Every structure is written in structure tokens, then in C-alpha cells.
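Reading the structure
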Amino acid sequence: MTEPILEVRDVRMSYDEGRIEALRGVDLAIHAGEFLAISGPSGSGKSTLLQLLGGLDTPTSGEVLFKNTQLGSAINLDTYRSKSVGFIFQAFHLMPTLRVLENVQVPMLALSPAPHNRAERAETLLREMGLQDRLRQYPNELSAGERQRVAIARALANSPEILLADEPTGNLDSVNSARIMEILTGIQKQRGMTLIVVTHENEIAHSAAHQIRLRDGRIEA
Amino acid sequence: MASQLSFAGFAWKNLWRRRLRTLLTLGGIAMAIGAFVGLVGFSRSFEHEWLRMYLSSGTDIAVVQQTFLNTSVSESAGATLKALPTVAQATPMILNLMDLTPEVNALSYGWKADSYEFDSLTLKSGRRFLDGQPEVMLGDLLAENMKKNAGDALEIQGTTFTVAGIYHGGSALEAGAVIMPLDQMQKLGSLEGKVTAFHVRLRPTPPGETPEHYLARAQAEIEAALPGLRAVPAAKRAGNNQLVQLSHAAAWGTSGIALLIGILGIANTMAMSVFERTREIGILRALGWKRWRVLVLIEMEAAVLGLAGGIAGIVIGWGSLRVLAALPQTASIVSASFPLLLLAEALGIAVLAGLAAGLIPAWRGAHLSPVEALRHD
């Protein structure tokens with residue numbers, strides 16, 4: 001068995017001086033190339049867990065390890081987010097002032113030095129998403145499904161090893177939802193990436209090779 | 001060709017999303033820089049004209065009391081000065097600022113009719129005045145302004161003077177001035193026996209001595225012979241006199257206040273911009289942008305505001321200097337030339353003002369928690 005790419009050890013996360021406990025001792029190991037779905041009711045801690053896996057925050061106690069190295073101490077969180085993970089959000093979170101092609105280049109500006117072929121790389125990714133005719137549009141000129149495809153292209157901009165998607169189909173109709181999941185699973189298989197999706201939709205959860213269900217900050221048996 | 005996103009391009013797009021606010025902020029800093037260019041340009045031009053006046057008359061040293069506008073030097077000191085081995089010529093003078101009419105005020109000089117300072121003036125009409133007579137000479141700019149010719153009468157502070165001649169001066173300060181006999185000026189101001197300064201021409205530098213050393217030696221010699229008086233080199237005196245210092249202080253003070261208002265305008269714009277873009281900053285942080293990179297982006301936006309405002313301000317300031325140089329009331333003390341140093345200073349101040357104004361908003365933006373920022377509506 002190979003070493004896990006991500007590992008969570010007895011992670012607890014509390015807010016408001018401990019009055020709110022979002023995670024209460026979570027242990028989890030995720031292997032490279034795996035498709036993991038995290039499901040559970042609202043307030044179960046699934047988005048909090050995704051934020052910890054993505055290095056957006058650090059746990060109150062416990063450890064999150066990337067390739068057996070602790071995030072936030074041995075690995076700088078900014079560097080981890082810029083190089084190793086790609087985020088996809090439910091609300092897309094595209095930059096409204098930037099064109100589609102420019103939006104995909106934003107993560108590349110986080111690298112030092114920023115790659116010289118930013119525009120070409122962004123265009124290639126957008127073509128893969130079937131958005132070659134939308135390069136010069138602004139986000140508000142796109143449909144919801146198209147915006148999420150731009151967000152996926154942006155998440156792939158720096159060739160991360162892990163894709164993290166927080167309710168990626170939450171704002172989409174069933175047709176677009178199916179298409180987005182088809183794209184995500186296609187990327188995961190073709191590129192051998194690790195795909196972690198937070199969802200409350202059973203259909204999506206069941207389509208993953210592995211799934212965990214959270215309730216009250218704990219993984220259900 | 002696909003368009004490549006650059007850091008600067010990103011900053012510009014962030015500014016351009018709120019065009020009206022950006023333009024109004026830009027207008028604020030432009031006015032501040034315009035005030036700086038206009039006022040500081042004016043005061044430097046004033047100093048430059050003083051220097052030109054000293055240089056054209058060949059004055060090496062001015063002997064004064066402690067302050068420039070203090071007309072309390074005894075006229076009798078002239079004899080002591082003339083007896084010193086380094087002094088070739090020493091001429092007494094009084095300087096004043098007089099209201100000639102309710103609309104026109106002018107620098108007024110009291111000179112002896114045999115002053116060497118006449119050497120730098122060109123007589124255009126009439127003749128030189130005579131000591132002891134109620135006569136004046138007008139600079140050509142002033143004469144044109146007052147529509148006076150040689151032979152005309154001119155009333156100054158209740159005394160009727162005859163315009164003996166019209167001259168052209170090497171400096172705008174002379175061209176816009178009135179010169180009268182020293183004794184008449186003393187009588188007008190009840191300053192009998194007193195002068196503002198002695199202007200001194202030195203003998204040629206002796207062989208084997210540097211001009212700087214010779215000047216310093218002459219200064220020491222004069223001050224030793226006339227205790228209580230100061231011997232100031234002409235070049236230094238142009239910048240040291242109270243009128244110039246006053247104009248510098250007024251220029252810097254006024255433009256400083258304008259700059260402060262401009263800085264507050266940029267700071268307000270940047271603070272609002274950061275607040276409105278809290279979630280976007282969270283996205284940048286989520287995408288791996290480091291804190292310093294977010295800080296640099298916001299500071300760059302503030303600096304671009306400062307720079308653009310600075311360029312617009314330079315145009316405004318230069319335009320106002322041109323207007324001042326053309327107006328009869330101020331043409332005598334302002335030249336329309338535009339020194340590159342002032343341009344560089346204005347741009348530097350504008351960019352620094354932008355950076356200073358953007359610092360706190362940038363710091364706040366850079367230190368937003370990505371999770372909190374992403375939750376922000």
C-alpha cells in the first residue's frame with residue numbers, strides 16, 4: 001500500500017472559543033488518484049474538513065499531512081495552495097472584472113516567477129472545457145454551467161495534484177450538474193489526480209470510489 | 001493572440017471597475033500635485049530671479065543685519081567697507097515692497113545714483129535719476145503695466161515723483177521694480193542714515209588663491225571690521241532671504257495641506273475598495289496568493305492612482321505657472337520655464353502619497369483570513 005497523499009489525524013476544529021465544535025476528532029487517509037466524496041447534512045463539518053484539507057485553515061488540534069509532511073508547519077500553506085491543490089467553489093468565485101481567459105491566469109500569478117506562457121496555457125485549458133468561444137467574455141456573460149467550467153480550468157491552472165470541490169453542482173441544474181461531474185471525473189481519471197468533492201447529493205456521493213459521511217463533526221461508521 | 005494577464009493589468013482593472021470613484025480620487029490628488037507644482041514652482045522661480053539679479057549686477061557679497069528685511073544697517077558702515085583691501089566697490093541699498101496703486105505693488109529699491117548696480121540695467125528712455133531729487137526709474141514691465149513714460153508724474157505714499165527714466169533689467173525682479181534715490185527712500189520710510197544692505201563687489205581673486213577661499217577670506221574680513229553685521233555670499237543670499245524663505249514656506253505649507261487631503265482621498269478609496277473586494281481577496285488567498293502579493297497588488301493600485309493624479313497635476317500646475325507668468329501682477333517674479341527637477345519631485349511625491357495612502361488598506365487586505373474573506377457578502 002502506498003503512502004497517503006493526504007492524511008488527517010485526530011483533527012478537531014472549534015470556533016467561538018470552543019463553544020462551537022465543527023470537527024470532533026476526524027481521522028482520514030486519502031491516496032493519490034482517489035475520488036473521495038464527503039457528504040453529510042448541513043453543519044456536519046464537511047466544508048470545514050475540506051478547508052483544512054485545502055490548507056485554507058489550520059485545525060485547533062490534530063494534524064493534516066500532505067505526503068507525510070504537516071501542513072502549516074513543515075509546508076507553507078500559501079505555497080501548498082498555489083502548487084498542490086486546485087479549488088472549485090459552489091459560487092464559482094470568478095473575478096468579475098477579468099475576462100474568462102484572464103480569470104484562468106490568476107492562480108499562475110501566485111507563482112514566482114509567473115510562467116511566461118500564461119495566456120497559452122489558460123487557452124488550452126479552456127479549450128479542454130469546451131469554452132474556446134468564450135475566452136473574451138466576462139463571467140456575468142456566461143451561464144452558470146460555463147462559469148463552473150471556467151472555475152475548473154482555473155483550478156487546473158498550476159497543474160495541482162489534488163482537486164477540491166465544495167458543492168460544485170450546488171448552483172447548477174441537473175443537466176449542467178451531470179456535465180460538471182463528468183468533467184471532474186474525467187480529469188481525475190485522465191490525469192490521475194486526487195479528487196475530493198463535498199456534496200449533499202447522494203447520486204454524486206455514490207458515484208465516488210470512496211465516500212465518507214460526516215455527522216456532528218465525526219465520520220459515521 | 002491570447003491576452004496575457006499581468007500584475008499591473010490586474011491592478012488597473014480593479015481601479016477601472018469604479019470609474020467615477022477612481023476619477024474623483026484622481027482629481028483630488030491631481031489638484032494637490034497641481035498646487036505643489038504651481039506654488040513650489042512659483043517660489044523657486046522667485047528664488048531663481050533673485051539669483052539672476054545678483055549675478056547680473058556682479059554682486060559678490062551682501063552685508064546685512066541678521067534679517068533680510070531689517071533696514072537697520074548704519075549707512076556710515078560704507079566707509080569702513082570701502083577701506084577694506086578685498087572690497088572693490090560697496091554700495092548701500094534699501095529694499096521695500098510698496099503699493100504704487102491699489103492694484104499694483106512692486107519691489108522698490110533705494111540706490112545711490114552712482115551705484116554700480118546700474119551697470120546691469122539698460123536705459124530704454126529718459127535718464128538716470130539724481131540723488132536728492134524726487135525722481136524714480138521704472139522697470140519696463142512695471143512702466144508698461146502702469147502706462148507710465150519718462151517725464152510722467154507718479155505719486156508714491158503722498159509724494160509726487162517724476163519718472164526720470166525707464167530701464168530694462170536682467171531679472172524679472174528688476175523689470176517689475178521701481179528704483180529711487182536712496183535718500184528719497186529713507187525720507188519716505190523715516191529711515192535717515194539707515195540701509196537694508198551693502199552690496200559688495202570684490203577685487204579680483206589674487207593669483208594662487210581659489211575663488212572660494214578668497215570669498216571666505218573676504219567674508220571674515222568684513223565681519224571682523226563690522227561686528228554685528230553678516231557678510232553673505234550672493235548665491236547663498238538668493239535662497240536665504242526672508243522673502244524667498246517666506247514664499248518657500250507658504251508654498252510647501254499650502255501644498256502640504258493639499259497633499260494631505262489628496263492622501264486621505266486615496267486612503268478612503270482604497271479602504272472602500274478593499275472592503276468591497278473582501279471576498280475577491282479571499283479567493284486570491286485561496287488560490288495561493290501570498291500575503292505580500294496581495295499587499296503589493298493593493299499598493300500598486302494606490303501608486304497608479306498617485307502616478308496618474310501626479311501626471312494630471314503636473315499639467316494643471318504647469319498651466320497655472322504659465323498663467324502667472326503672463327499676468328501683469330505676477331509676471332515680474334515668475335518665469336514660465338519648467339524645471340525637470342520639479343517634475344521629478346512632483347511625480348515622486350505623487351507616487352509616495354499613493355503608497356502611503358494605500359498602506360493601511362493594503363495591510364488589512366493582506367491579513368484577511370481566506371476562510372473569513374470567502375464568507376463575506
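In this text, all values refer to a predicted model and were calculated from it rather than measured experimentally.

**Topic: the overall build of chain A**
Across its full length, chain A carries seven helices and ten strands. Its C-alpha atoms give chain A a radius of gyration of 17 Å, near enough to 17 Å, the size a compact globule of 221 residues would have. With respect to the principal axes defined by its C-alpha atoms, chain A has extents near 45 × 40 × 40 Å. Out of the 221 residues belonging to chain A, those deemed buried represent 49%. Sequence-distant contacts in chain A: of pairs separated by 6 or more residues, those separated by 24 or more amount to 70%.

**Observations regarding the overall build of chain B**
Across its full length, chain B carries 13 helices and twelve strands. Scaling as 2.2 N^0.38, a compact globule of 377 residues should have a C-alpha radius of gyration of about 21 Å, whereas chain B reaches 29 Å, well beyond that. Projected onto its principal axes, the C-alpha positions of chain B cover 90 × 50 × 40 Å. Here chain B, with 377 residues, has 47% of them falling under the buried criterion. In chain B, the proportion of contacts linking residues at least 24 apart, taken out of those at least 6 apart, comes to 83%.

**Observations concerning the sheet that holds strand S5 (residues 69–70) of chain A**
As summarised here, the arrangement of the four strands in space is S2-S1-S4-S5 (chain A), forming an open sheet in which the pairing is antiparallel. Of all the strands in the sheet, just strand S2 (20–30) and S5 of chain A have a single pairing partner and so form its edges.

**Examining the sheet that holds strand S9 (residues 210–215) of chain A**
All names here are of chain A. Taken in spatial order, the six strands line up as S6-S7-S8-S3-S9-S10 in an open sheet, and their pairing is mixed. At either end of the open sheet lies a strand with only one pairing partner, and these are strand S6 (85–88) and strand S10 (218–219). The pairing of strand S3 (residues 35–39) with S9 spans four bridges and is parallel. Within S9, the residue paired with serine 39 across the bridge is arginine 213. Strands S3, strand S7 (162–166), strand S8 (194–198) and S9 of the sheet are contacted by helix H1 (residues 46–53), whose axis makes an angle of about 150° with S8. The strands that helix H6 (residues 174–191) touches are S3, S7 and S8; relative to S7, the one it contacts most, it runs at about 165°.

**Here's the deal with the nonpolar core**
Residue and element names in this part refer to chain B. Among the nonpolar cores identified, the biggest contains 177 residues, and Ile33, Phe36, Val63 and Val136 are the most heavily contacted of them. At 16 residues, helix H2 (residues 19–57) tops the list of elements feeding residues into this core. The residue makeup of this core includes at least three contributed by each of domain 1 (7–49 + 244–375) and domain 2 (66–228). Apart from the residues lying within four places of it in its own chain, the contact partners of phenylalanine 36 are Ser255, Leu259, Gly317, Ala346 and Ile349.

**Quick notes on the packing of H2(B) against helix H12 (residues 340–366) of chain B**
Residue and element names in this part refer to chain B. At a minimum axis separation of 10 Å, H2 and H12 run at an interaxial angle of 145°. Classified by chirality, the crossing of H12 by H2 is right-handed. Across from Ile29, Ile33, Phe36, Val37, Val40, Gly41 and Arg44 in H2, the residues of H12 making contact are Leu342, Ala346, Ile349, Ala350 and Ala353. Of the residues assigned to the contact of H2 with H12, the class counts are ten nonpolar, one polar and one charged.

**Looking at the domain arrangement of chain B**
Here chain B is described as being made up of domain 1 (7–49 + 244–375) and domain 2 (66–228). Between the C-alpha centres of domain 1 of chain B and domain 2 of chain B the distance comes to 45 Å.

**Quick look at unusual backbone geometry**
Omega for the peptide link from A:Ser112 to A:Pro113 comes to -5°, which places this bond in the cis form. Structurally, A:Pro113 can be placed in the loop between helix H3 (100–105) and helix H4 (118–128). A positive phi is found at A:Glu167, a non-glycine position, where the angle reads about 50°. Inspection of the secondary structure assignment puts A:Glu167 in the loop between S7 and H6. The phi dihedral of B:Gln157 is positive, around 50°, even though this residue is not glycine. In this fold, B:Gln157 is placed in the loop between strand S7 (153–156) and strand S8 (159–168).

**Section: the pairing of strand S6 (residues 135–139) of chain B**
All names here are of chain B. Burial analysis of S6 places five of its five residues in the buried class, which makes it a mostly covered element. Pairing analysis gives five bridges linking S6 to S8, with the strands arranged parallel. Along S8, the bridge assignment pairs methionine 137 with glycine 165. Of the strand pairs in this sheet, S6 and strand S9 (residues 178–181) are connected by two bridges, and their pairing is antiparallel. Paired with methionine 137 across the bridge in S9 is isoleucine 179.

**A short note on the interface of chain A and chain B**
Listed by partner, the interface residues are 23 residues for chain A and 18 residues for chain B. Here the side of chain A that touches chain B is composed, by residue class, of ten nonpolar, five polar and eight charged.

**Here we look at the packing of helix H1 (residues 7–16) of chain B against helix H11 (residues 291–326) of chain B**
Residue and element names in this part refer to chain B. The contact between H1 and H11 brings their axes to 9 Å, and the two run at 65°. Between H1 and H11, the interaxial angle falls into the category roughly perpendicular. Where H1 crosses over H11, the two elements pack in a sense that is right-handed. Residues Phe7, Ala8, Phe10, Ala11, Trp12, Asn14 and Leu15 of H1 lie in contact with H11, whose contacting residues are Leu297, Met300, Glu301, Val304 and Leu305. A per-class count over the contact of H1 with H11 returns ten nonpolar, one polar and one charged.

**Quick notes on the confidence of the model for chain B**
Interpretation of the predicted coordinates at a detailed level should be avoided for regions scoring low in pLDDT. Of the residues in chain B, 96% have a pLDDT of 70 or more, and the chain-wide mean is 88. Overall fold confidence for the complex sits at a pTM of 0.76, while the interface term, ipTM, reaches 0.92.

**Concerning H1(B)**
Residue and element names in this part refer to chain B. Among all positions of H1, only Phe10, Ala11, Asn14 and Leu15 are buried. With its buried residues spanning 140° around the axis, H1 presents them on a single face. Facing away from the buried side of H1 by more than 90 degrees, the exposed set consists of Ala8 and Trp16. In this fold, the buried residues of H1 make contact with H2 and H11.

**Regarding the pairing of S7(A)**
Residues and elements named next belong to chain A. Among the five residues that make up S7, five are buried, leaving the element largely enclosed by the rest of the structure. Of the two faces of S7, the one carrying Ile162, Leu164 and Asp166 and the one carrying Leu163 and Ala165 are both buried. In this sheet, S7 lies alongside S6 in parallel orientation, the contact comprising four bridges. The residue of S7 that forms the bridge with valine 85 is isoleucine 162.

**A few points about the environment of B:Gln65**
Residues and elements named next belong to chain B. Within the fold, glutamine 65 resides in the loop between strand S1 (61–64) and strand S2 (73–74). Its 18 C-beta neighbours within 10 Å are what place glutamine 65 among the partly exposed residues. In this structure, the C-alpha to C-alpha distance between glutamine 65 and leucine 95, residues 30 residues apart in sequence, is 13 Å.

Parameters and conventions
Residues numbered from 1 in each chain as written. Chains lettered and ligands numbered in written order. Predicted model: local features only at pLDDT ≥ 70, side-chain atom pairs only at ≥ 80, totals over all residues. Helix = DSSP H or I, 4+ residues; strand = E, 2+ residues; numbered from the N terminus. Rg over C-alpha atoms; globule rule 2.2 N^0.38 Å. Buried ≥ 20, exposed ≤ 12 C-beta atoms within 10 Å, placed from the backbone. Contact = placed C-beta atoms within 7 Å. Pairing = 2+ DSSP bridges. Axes fitted to C-alpha atoms, helices over the stretch in contact; angles between N-to-C directions. Core = buried A, V, L, I, M, F, W, Y, C linked by C-beta atoms within 7 Å. Domains from an automatic or database assignment. Left-handed = near helix turned anticlockwise from the far one by under 90°. Nonpolar A, V, L, I, M, F, W, Y, C, P; charged D, E, K, R; others polar. Parallel < 35°, antiparallel > 145°, perpendicular 65-115°, else oblique. pLDDT = per-residue confidence, 0-100. Arc of directions from axis to C-beta.

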